[in-house]
Amino acid sequence: MNILLVEDDAMLAAAIRERARQEGLALDHAGDADSARLLLLDNAYSVILLDLGLPGESGLSLLRGLRAAYNATPVIILTARAQMSERIAGLDAGADDYLVKPFEFSELWARMRAVTRRSEGKTVPLPGCRD
Ligand code: CA
């Protein structure tokens, strides 16, 4: 599993990166929308973990642009904003799932497995299949 994390909170990004390393998952980190787009030009990701509140262009705007460009990479929104309107806007913009901060890493990994499984057309989880 190759993950793109788009998150401007350096401490949270470092924590997610460390946990991904422990799980043996490859992870690239972008701190804003422009850096994310540059990474997306050169890399194919299994899943994008997207913070909505980024400096400059918002995560929602980045997501809308990706979907408008027919980029179908699964997206999980990570947001501190628990308001239902934010979540609905994210899902309407093309996100596959969302997680409200603070979250448990075990739930994040489980949701990543679920959205990547769906994007690969596997609706039934395979026993022992972790990616
Ligand atoms: Ca943020």
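Each value, and the rule that gives it
Residues numbered from 1 in each chain as written. Predicted model: local features only at pLDDT ≥ 70, side-chain atom pairs only at ≥ 80, totals over all residues. Heavy atoms only, no water. Pairing = 2+ DSSP bridges. Helix = DSSP H or I, 4+ residues; strand = E, 2+ residues; numbered from the N terminus. Right-handed = clockwise from strand over helix to strand, strands pointing away. Donors = N, O, S within 2.8 Å, 3.2 Å for Na, K, Ca; no water. Buried < 20%, exposed > 50% of the residue type's maximum accessible area, 1.4 Å probe, protein only. Salt bridge = Lys/Arg side-chain N within 4 Å of Asp/Glu carboxyl O.

Of the strand pairs in this sheet, strand E1 (residues 2–6) and strand E2 (residues 26–30) are connected by five bridges, and their pairing is parallel. When the bridges of E2 are listed, Asn2 appears paired with Ala26. Crossover E1 to E2 through helix H1 (residues 10–23) is right-handed.

Donor atoms from the polypeptide that bind the calcium ion are Asp8 (OD), Asp51 (OD) and Gly53 (O), placed at 2.1 to 2.3 Å. Counting residues between consecutive donors of the calcium ion along the chain gives the motif D-x42-D-x1-G. Of this pair, Asp8 sits in the loop between E1 and H1 while Gly53 sits in the loop between strand E3 (47–51) and helix H3 (59–68), and the two are 45 residues apart along the sequence. On the basis of relative accessible area, Gly53 is assigned to the partly exposed category, the value being 27%.

So, about the pattern of salt bridges. Per the stated rule, a full pass over the model turns up eight salt bridges. Across the pair Arg37 and Glu57 runs a salt bridge whose closest N-O atoms are separated by 2.7 Å. Within this pair, whereas Arg37 is found in helix H2 (residues 33–42), its partner Glu57 is found in the loop between E3 and H3, the two being separated by 20 residues in sequence. The exposure class of Arg37 is partly exposed, given its relative accessible area of 32%.

These figures capture arrangement, not role.
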